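# Remarks on the overall topology
The residues making up each chain are set out below.
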Amino acid sequence: MDVAIVGVGLHPFGRFPDLTAIDMGAIAIRRALADAGVEWRDIQFGFAGSYEVDNPDAVVALLGLTGIPFTDVYNGCATAASVLTLAANTIRLGEHDLGIAVGMDKHLRGAFNADPRLYACPLWYGELGHFLTTKFFGMKINKYMHDFGISRSTLAKVAAKNYRNGALNPNAFRRKPLSEEAILASPMLNYPLTQYMFCSPDEGAAAVVLCRADHARRYTDTPIYLRAATVRTRRLGAFEVHSPWLPIEETPGPTVDASRAAFEMAGIGPEDVDVIQLQDTDAGAEVIHLAENGFCADGDQERLVADGELQIGGRLPVNTDGGLIANGEPIGASGLRQVHEVVLQLRGQAGDRQVPRKPRVGYTQLYGAPGTAGVSILSV
Amino acid sequence: MARVPVAEGIFTWPADDPQLIGSRCTACGIVTFPSQGACPRCAATAMAKHLLPRRGLLWAWTIQHFPPPSPPYAGPTGTAFVPFGVGYVELGGEVKVETRLTEADPETLKHGMEMELVIVPFRADDGGSEVVTFAFRPVG
């Protein structure tokens, strides 16, 4: 059974002191329902993702207590990819015909912190200051730049591109373009990454209405087909966040595994993809993920970025809505924000940031602690 | 002043030539740090204590320019915070260990440079002792 997306909805990302995460989730769902032209009572099942909200399915209090199976999911930064995958599989297995996938979150400012023992790390690892995601991203891109000849200027160009795209996106958190010079001159957080090269935790919600592909045209003239949705965790030897040690053997990370599995499931290759959403926790992550997802060889990013190929008018448009850098990261919602953007792009509804030449295939990727990645591939 | 380790069982202490204490799988041979009770490669549960080489090569690094969130970070914060280097050092082809570095200057740190284990001050504890931790410094 194939799966189609017939409605998408978003509550803008940013800071909203007067709204709870549940409020934003309900708004995103209502917008997705309206987009699909269905009522809440038509929805047969749901999956909801959040980090901060224990039971995001409590959103039914604002929508209607209809008794549907509604399952809550948390899977780190790959939460929304897991929500999407589970919702798609529910339809694929023939259990239900029409459902909702929603993500919502509302984080405090600043880097995430937690008890390292909850991540199978010793307490002293945290006491010493090692239990920190930003430090991992700094090390990973620093090594990558050394190994493959990527410059700091390329990191600044990638961040500047995402702020520029965010300025075109009315739903983005950061809507002010920033120059490469300002990005490089902002405070160094974890060498070589500066403050403006990182995304911030923030608030927001996104929702997607999915149905059996053979029912899609009941709801819309522009169904978008979910060709693949995969989640993978790290294998031994991958260079991962929160690792007090690594073995000598080296293995590709979970993004590579999730990406290969998704392309195989979809039966298409990276060369067929027209619009791309990548996890840009920081500008370096976007650079690395471009290669890890098969869109270029390691080191080619230097030339691709210099030539503007990752911009909206380029050959590989990446993070056309500004990505995490301009939207921030409400963990539960982030991956569905990516899907929302790809759906708008494939429908030709992305306004000022529309990719020209009618994109037909889109791609999304999430990555996060403790070494979990999710990929989806969508097509017209 | 007494010098107490940040945690028991992660390096030999007191010692003239301290070593990190890891574990080695008696079935497949993989080396971990710190020691753990089960093998992450072959899932065997017979792990033996294994002292790690004191020297190795810098595999990856960054600088921690801001105080990490407390908790869990227990070191100096505010004006007392001093940026520190962090990296992975590959020890004798056995294991890569994440560690504090004695250098915090991007001009000094080079991928592949030779490093050696040292024990350095980390913070003062409430009883007036000095808490020490392992770190790696460039050789020579």
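Read on for an overview of the structure. For clarity, every value in this text was computed on a predicted model and none was experimentally measured. (Residues numbered from 1 in each chain as written. Chains lettered and ligands numbered in written order. Predicted model: local features only at pLDDT ≥ 70, side-chain atom pairs only at ≥ 80, totals over all residues.)

A few words now on the overall build of chain A. Broken down by element type, chain A carries 11 helices and 12 strands. Relative to the compact-globule value of 21 Å for 380 residues, chain A shows a C-alpha radius of gyration of 19 Å, a close match. If one aligns the C-alpha atoms of chain A with their principal axes, the spans along those axes are about 55 × 50 × 40 Å. In chain A, buried positions account for 61% of the 380 residues. (Helix = DSSP H or I, 4+ residues; strand = E, 2+ residues; numbered from the N terminus. Rg over C-alpha atoms; globule rule 2.2 N^0.38 Å. Buried ≥ 20, exposed ≤ 12 C-beta atoms within 10 Å, placed from the backbone.)

Here we come to unusual backbone geometry. A cis amide bond links Y191(A) to the next residue, P192(A), at an omega of 5 degrees. Its place among the elements puts P192(A) in the loop between strand 5 (188–190) and strand 6 (193–194). Residues F33(B) and P34(B) are joined by a peptide bond in cis, for which omega reads -5 degrees. Structurally, P34(B) is set in the loop between strand 3 (31–32) and strand 4 (47–51). Not every positive phi belongs to a glycine, and R357(A) is a case in point at roughly 65 degrees. With respect to the helices and strands, R357(A) occurs in the loop between helix 11 (331–347) and strand 11 (361–368). You can call R357(A) exposed: it has 7 C-beta atoms within 10 Å. For A43(B), which is not a glycine, the phi torsion comes out positive at approximately 70 degrees.

Here we take up the interface of chain A and chain B. Each partner contributes to the interface: chain A provides 32 residues, whereas chain B provides 35 residues. Secondary structure elements with two or more residues in the side of chain A that touches chain B: helix 3 (123–127), helix 4 (133–148), strand 5 and strand 9 (245–246) of chain A. The greatest single-element share of the side of chain A that touches chain B, amounting to 6 residues, is contributed by helix 4 of chain A. Classifying every residue of the side of chain A that touches chain B gives 18 nonpolar, 10 polar and 4 charged. (Contact = placed C-beta atoms within 7 Å. Nonpolar A, V, L, I, M, F, W, Y, C, P; charged D, E, K, R; others polar.)

All names here are of chain B. If you walk across this open sheet you meet the 3 strands as 3-2-4, and the pairing is antiparallel. Every other strand in the sheet has two partners, leaving strand 3 and strand 4 as the edge strands with one partner each. Two strands pair when backbone bridges link them, and strand 2 (residues 21–25) and strand 4 are joined in this way by 5 bridges, in the antiparallel orientation. Of the residues in strand 4, the one forming a bridge with G22 is H50. (Pairing = 2+ DSSP bridges.)

Moving on, we come to the nonpolar core. In terms of nonpolar packing, the biggest core is built from 160 residues, with I5(A), L84(A), A101(A), A159(A), A207(A), V208(A) and L210(A) touching the most fellow members. Contact partners of V208(A), with chain neighbours within four places excluded, come to I5(A), V8(A), A32(A), L84(A), A101(A), L336(A) and V339(A). (Core = buried A, V, L, I, M, F, W, Y, C linked by C-beta atoms within 7 Å.)

In this section: the pairing of strand 4 (residues 98–106) of chain A. Residues and elements named next belong to chain A. Counting buried positions along strand 4 yields 9 of 9 residues, so the element is predominantly enclosed. Side chains L98, I100, V102, M104 and K106 project from strand 4 onto one buried face, and the interleaved G99, A101, G103 and D105 project onto a second face that is buried too. Sheet topology places strand 2 (residues 45–49) next to strand 4; 5 bridges connect them, and they run parallel. Note that in strand 4 the partner of F45 across the bridge is G99. Relative to strand 7 (residues 203–212), strand 4 runs antiparallel, the two being bridged by 9 bridges. By the bridge assignment, G99 is partnered in strand 7 with L210.

It is worth spelling out the environment of D307(A) at this point. Along the chain, D307(A) turns up in the loop between helix 9 (301–306) and helix 10 (323–327). Sequence-wise, D307(A) and E180(A) are 127 residues apart; in three dimensions their C-alpha atoms are separated by 15 Å.

Moving on to helix 7 (residues 254–266) of chain A. Residues and elements named next belong to chain A. Helix length check: helix 7, at 13 residues, gives a terminal C-alpha distance of 18 Å against a target of 18 Å (1.5 Å per residue), a fit within 8%. Among the residues of helix 7, P254, T255, V256, D257, A258, S259, A262, F263 and A266 are the ones counted as buried. Of the surrounding elements, those touching the buried residues of helix 7 are strand 8 (224–233), helix 8 (283–292), strand 11 and strand 12 (372–379). Just downstream of helix 7 lies G267, where phi reads positive at about 70 degrees. (Expected span 1.5 Å × (residues − 1).)

Below, the discussion takes up the packing of helix 5 (residues 152–167) of chain A against helix 8 of chain A. Residue and element names in this part refer to chain A. Axis separation between helix 5 and helix 8 bottoms out at 8 Å; the angle between their running directions is 100 degrees. Classified by the angle their axes make, helix 5 and helix 8 are roughly perpendicular. Counting all contacts with helix 5, which are made through T154, L155, V158 and A159, the residues of helix 8 involved are A283, G284, E286 and V287. (Axes fitted to C-alpha atoms, helices over the stretch in contact; angles between N-to-C directions. Parallel < 35°, antiparallel > 145°, perpendicular 65-115°, else oblique.)

Residue and element names in this part refer to chain A. Reading across the sheet, the 9 strands line up as 3-2-4-7-1-8-12-11-10 and stay open at both edges, with mixed pairing between neighbours. In this open sheet, the two edge strands, each paired with only one partner strand, are strand 3 (70–73) and strand 10 (275–277). When the angles between neighbouring strand axes are averaged without regard to direction, this sheet yields 20 degrees. Pairing of strand 8 with strand 12, which is carried by 8 bridges, proceeds in the antiparallel orientation.

The next point concerns helix 5 of chain A. Residues and elements named next belong to chain A. For helix 5, spanning 16 residues, the distance from its first C-alpha to its last is 23 Å, which sits close to the expected 22 Å at 1.5 Å a residue. Within helix 5, 12 of the 16 residues are buried, leaving the element largely enclosed by the surrounding structure. Every buried residue of helix 5 is listed here: T154, L155, A156, K157, V158, A159, A160, K161, N162, Y163, N165 and G166.

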